[in-house]
Amino acid sequence: MSRRYTSFIRSLCLALIFSLGPLIVANYVLENFALQQAKQEARSIGERFITRSELTINEVVLELQSLETAGVVTCRRDHLDALREVVSKSAYMESIGIADASGKPMCLVPSRSLRGKPILTMLDDGAPLIGIGMTDQGYDSIKKAIISLRTPNGWRLFSEVSPLALNIEPGPEYLRGAVRTEVRLGPETIWATVGSLNLPEGESDTTIISQTSLSTWYPLVARVDINGYAALSLVGRLQIITAIVCATVAVLFLVIAVWYSWQPHNESEDEFVAAIKNNEFIPYYQPVIDIETGVLQGCEVLMRWRRENGEMVSPGQFMTYAETSGHIFEMTRRLMVQIIDEVGDLYEATPDLKISINLFAGHFKDRTIVEDVGELFQGSPIKLEQVVLEVTERQPLHDINAAKKIIAELQAMGVRIALDDVGTGHGGLAYLQKLGMDIVKIDKMFVDPLGQETSTARIADAIVELAENLGMGIIAEGVETYEQILHLRKLGVTAAQGYIFAAPLPGEAFLKFAEEHETGTRNIVAELDRNYEARQEEAQPAAAGS
Ligand code: C2E
Ligand code: CA
Ligand code: CA
């Protein structure tokens, strides 16, 4: 659980990194792009204002020059008519007048007095050939540009220019209402302020993008300010889309993470495969004894999982998984290799010893087991004739004919086949005949009640009888008491295994057990017989005495 938890946390962090990372980067890139874009817009707006101002001034200067060329330089009636005609045709010239050398206006059309006070040098004698000045209108801080041209007589033709001249498109749609342009004459004097930034209430620290453009002809300066908020709206949608995409990625990651870390077998699967590779599945050996003579007949190999931490796990806890996952094939192969390695010498030296290896129903589906056994045991210290393969009756053999062929092939190689757990499972006694078994193993379930007058106890009798009729060998499993030995002897069963003789032993211990029995330094059956006789003798005087 805790590993799952850490794996989940790890995935959660990855999800955050993989979604927040791109989100931050994308936001940064988009915002930068929007600000750059706004800067460029500000520059081009400024340039448009400058161009428009220049064109307006040029137009006015040209008109004034053509008046001057035409000699319209006095306040005579016909000259005033000519001035009036020019004013009426021009879009931006509000009035035209003539000032004397001291700069005092002498006449103005349309006829009215020049309002506001001049701000810049404009009409006085010292002014340059072309003068640009300003009048402060005194209300709404409206200022009007005054363009003047010196005439040969030292007077000046001048024109008031309407601020409408600068009323031009402020910029692209998304910046409407967020651009303010100030056109100045000289560094200080504002000619016109167009648009407003519309800054949100109290948002004094809003980013403002500013660009300044200068005229190469006149002392004109256009300063354009853009509200940063509006500038960012260019990528607003993209930012939302990016956020949605990143959130989706994060959610996806999390779903995968949850799915992955809460997969029921994932972790154990990895662990299991690693355990196989590390040879953590090892053979234990349970001696099979002749209960008449005490001679060691061989052993049954029983798998154990010796985990890295030394813990021993019995097959009941992993065999179902090993079989359903298919790992059992590799595990069985590796088990055989280890067996040859551990007890090969003993078996080579003692050709009569048999070694039983457990298989499961899946091993009888195809010929792989035939090839594996052939490859591993042919030419090995353990001869094929010493090998017994156990087929359990607990699981059904789906394809009996295929199983039969495989069994026949194995038998042809010299291998013997034992039917394990007879009477407990699917095949019934029919398997015995159909599959051509060599050995029958009587399950502990039928050995336990031996000596009792129960129906289960009589099953052992039936199995033994059938096996003898079919000429098969018999091994009794799970023998725990001396009484069971006595009953087995009565039934004519000679081979047995069980805790009374020895539990499944690790390789070293089994080799020691085998050596003692081979050399005759020890005979477990003789020991049991002696113990039993001693107990009988002890009991008899007591019984006689009572
Ligand atoms: P099995 O083949 O019927 O093995 C006999 C089981 O009885 C073994 O359990 C053994 O330790 C236990 N046993 C032996 N003598 C006594 C006794 O006197 N009293 C009691 N109470 N138990 C005794 P184990 O080793 O836990 O194995 C359980 C089962 O796992 C085996 O039953 C077998 O079906 C399977 N198995 C073990 N090793 C392998 C293997 O390498 N491959 C396959 N496919 N299955 C295996
Ligand atoms: Ca077995
Ligand atoms: Ca068994």
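As shown above, the structure is provided for reference.
Now for a description of the structure that goes with this document. Residue positions are given per chain, counted from 1 along the sequence in the order it is written. Think of it this way: whatever chain is written first is A, whatever ligand is written first is 1, and the rest follow in order. Side-chain atom pairs in this predicted model are given and counted only at pLDDT of 80 or more, local residue features only at pLDDT of at least 70, and totals for whole chains, interfaces and linings cover all residues. Side-chain metrics in this entry use all non-hydrogen atoms of the structure; hydrogen atoms and water are not considered.

Within the protein chain, the regular secondary structure consists of 15 helices and 20 strands. To get the radius of gyration, use the C-alpha atoms; to get the globule rule, take the number of residues to the power 0.38 and multiply by 2.2 Å. Against the 2.2 N^0.38 benchmark of 24 Å for 546 residues, the protein chain shows a C-alpha radius of gyration of 55 Å, more extended than a compact globule. Across its three principal directions, the C-alpha atoms of the protein chain cover 170 × 55 × 40 Å. Accessible area is worked out with a 1.4 Å probe on protein chains only. A residue is then buried under 20% of its type maximum, exposed over 50%, and partly exposed in between. With 546 residues in all, the protein chain has 45% of them scored as buried. Contacts were defined at the residue level, with two residues in contact if any of their heavy atoms lie within 4.5 Å. Taking the intrachain contacts of the protein chain between residues at least 6 apart in sequence as the baseline, contacts between residues at least 24 apart amount to 64%. If you sum the accessible surface of the protein chain, you get close to 27600 Å²; carbon and sulfur atoms cover 55% of it. Of note, the protein chain has its 48 positive side-chain charges centred 13 Å away from the centre of its 72 negative side-chain charges. A helix here means a DSSP run of H or I that spans at least four residues, while a strand means a run of E at least two residues long, and both kinds are numbered starting from the N terminus. For accessible areas, the Shrake-Rupley method is used with a probe of radius 1.4 Å. Any residue's cover is judged against the shown protein chains and nothing else. Counted as positive: Lys and Arg. Counted as negative: Asp and Glu, with His and the chain ends omitted from the count. Where a charge lies is defined by one atom per residue type, namely NZ (Lys), CZ (Arg), CG (Asp) and CD (Glu).

Among all positions of helix H13 (residues 482-491), only Tyr 482, Gln 484, Ile 485, Leu 488 and Arg 489 are buried. Buried residues along H13 cover an arc of 150° about the axis, so they all sit on one side. Just downstream of H13 lies Gly 492, where phi reads positive at about 90°. The arc in question is formed by the directions pointing from the helix axis toward the C-beta atoms.

Looking now at the environment of Gly 133. Tracing the sequence through the fold places Gly 133 in strand E4 (residues 130-136). When the C-alpha positions of Gly 133 and Glu 480 are compared, they lie 124 Å apart, and in sequence the two are 347 residues distant.

Turning to the layout of surface pockets, a few remarks are in order. In this structure, the largest pocket occupies an estimated 880 Å³ of space. Only protein atoms enter the 1 Å grid used here. Points where a 1.4 Å probe fits but cannot escape make up a cavity, open sets with protein on both sides within 12 Å along at least five of seven lines make up a pocket, and a residue lines them when an atom lies within 4 Å of a point. Glu 300, Leu 302, Pro 315, Asn 358 and Asp 420 are the residues nearest the centre of the largest pocket, which is lined by 35 residues in total. The set of elements that each furnish at least two residues to the lining of the largest pocket consists of strand E12 (296-306), helix H6 (319-325), helix H7 (328-349), strand E14 (354-359), strand E15 (387-392) and strand E16 (416-422). When residues of the lining of the largest pocket are assigned to their parent elements, the largest contribution, five residues, is made by E12. In this structure, the second largest pocket spans a volume of roughly 410 Å³. Along its surface, the second largest pocket is lined by 25 residues, and Gln 297, Lys 354, Ile 439, Ile 475 and Ala 495 are the ones closest to its centre. Only E12, E14 and strand E18 (473-476) provide two or more residues apiece to the lining of the second largest pocket. For the lining of the second largest pocket, the element with the highest residue contribution is E12, accounting for four residues. Grid points are joined across faces, edges and corners, and a volume is the space filled by probe spheres set on the points.

This part covers the coordination of the calcium ion (ligand 2). When four donors bind a metal tetrahedrally, each ideal donor-metal-donor angle is 109.5 degrees, and when six bind octahedrally, the ideal angles are 90 or 180 degrees. Binding of the calcium ion (ligand 2) to the protein goes through Glu 300 (OE), Asn 358 (OD1), Glu 390 (OE) and Asp 420 (OD), at separations of 2.1 to 2.3 Å. Each metal's donors comprise the N, O and S atoms found within 2.8 Å of it (within 3.2 Å for Na, K or Ca). Water is not part of the atom list, so some coordination spheres may appear incomplete. Sequence positions of the residues that donate to the calcium ion (ligand 2) give the spacing E-x57-N-x31-E-x29-D. Metal-to-metal, the separation of the calcium ion (ligand 2) and the calcium ion (ligand 3) is 4.1 Å; Asp 420 coordinates the two. Within this pair, whereas Asn 358 is found in strand E14, its partner Glu 390 is found in strand E15, the two being separated by 32 residues in sequence. Relative accessible area serves as the criterion here: at 28%, Asn 358 is assigned to the partly exposed category. Residue Glu 390 is classed as buried on the basis of its relative accessible area of 0%.

Our next topic: the pairing of E18. A pair of strands counts as paired when DSSP detects no fewer than two bridges linking them. Looking at chain direction, strand E17 (residues 439-442) and E18 are connected through four bridges and run parallel. Bridging across to E18, Lys 441 finds its partner in Ile 475. Both E18 and strand E19 (residues 495-496) contribute to a ladder of two bridges, which runs parallel. Bridge pairing in E19 links Ile 475 to Ala 495. On the question of chirality, the crossover connecting E18 to the parallel E19 by way of H13 is right-handed. Crossover handedness is defined by viewing with both strands directed away from the observer: a clockwise path from the first strand over the helix to the second marks the crossover as right-handed.

The salt bridge definition used is simple: a Lys or Arg side-chain nitrogen within 4 Å of an Asp or Glu carboxyl oxygen. Considering all chains together, one arrives at 24 salt bridges under this definition. A salt bridge links Asp 443 to Arg 394; the nearest nitrogen and oxygen atoms lie 3.2 Å apart. One end of the pair, Asp 443, is in the loop between E17 and helix H11 (444-447); the other, Arg 394, is in the loop between E15 and helix H9 (400-412), with 49 residues separating them in the sequence. Classification of Asp 443 by relative accessible area gives buried; the value is 7%.

The next thing to look at is the state of the cysteines. Two cysteine sulfur atoms form a disulfide, by the criterion used here, when they sit within 2.5 Å. Tallied over the entire structure, the rule returns one disulfide. For Cys 75, the disulfide goes to Cys 107, at an S-S distance of 2.1 Å. Between Cys 75 and Cys 107, the S-S torsion sits near -80°, and that sign places the bridge as left-handed. Remark: Cys 107 occurs in strand E2 (residues 105-109) and Cys 75 occurs in the loop between helix H1 (2-69) and helix H2 (77-89); sequence separation between them is 32 residues. Left without a disulfide partner, Cys 13 is nearest to the cysteine sulfur of Cys 246, which lies 17 Å away. By relative accessible area, which is 41% here, Cys 13 ends up partly exposed.

The next thing to look at is the sheet that holds strand E7 (residues 179-185). Each strand in a sheet pairs with its neighbour through backbone hydrogen bonds, running either in the same direction (parallel) or in the opposite one (antiparallel). Here four strands make up an open sheet; going across it, the order is E8-E7-E10-E9 and the pairing antiparallel. Lying at the two open borders of the sheet, with one neighbouring strand each, are strand E8 (189-194) and strand E9 (208-214). Taking the axes of each pair of neighbouring strands and ignoring which way they run, one obtains an average angle of 20° across the sheet. Here E7 runs beside E8; their pairing, made up of five bridges, is antiparallel. Within E8, the residue paired with Arg 184 across the bridge is Ile 190. An axis is simply a line fitted to the C-alpha atoms; with a helix, the fit covers only the stretch in contact. Between two such axes, the angle follows the N-to-C directions and lies from 0 to 180 degrees.

Nearness here has a simple test: a residue counts as near a molecule or strand if at least one of its heavy atoms is within 4 Å of that partner. Residues in close proximity to ligand 1 total 21 residues, the closest being Gln 286, Arg 304, Asp 420, Glu 480 and Tyr 499. Here an oxygen atom of ligand 1 sits 2.9 Å away from a polar atom, N or O, in the side chain of Arg 304. In the model, an oxygen atom of ligand 1 is placed 2.8 Å from a nitrogen or oxygen of the Tyr 499 main chain. Protein burial of ligand 1: of its 790 Å² of free accessible surface, 81% is covered by the chains. Think of a polar contact as two N or O atoms within 3.5 Å of one another; within protein, one of them needs to be a possible hydrogen donor and the other a possible acceptor, and neighboring residues in sequence only count if both atoms come from side chains.

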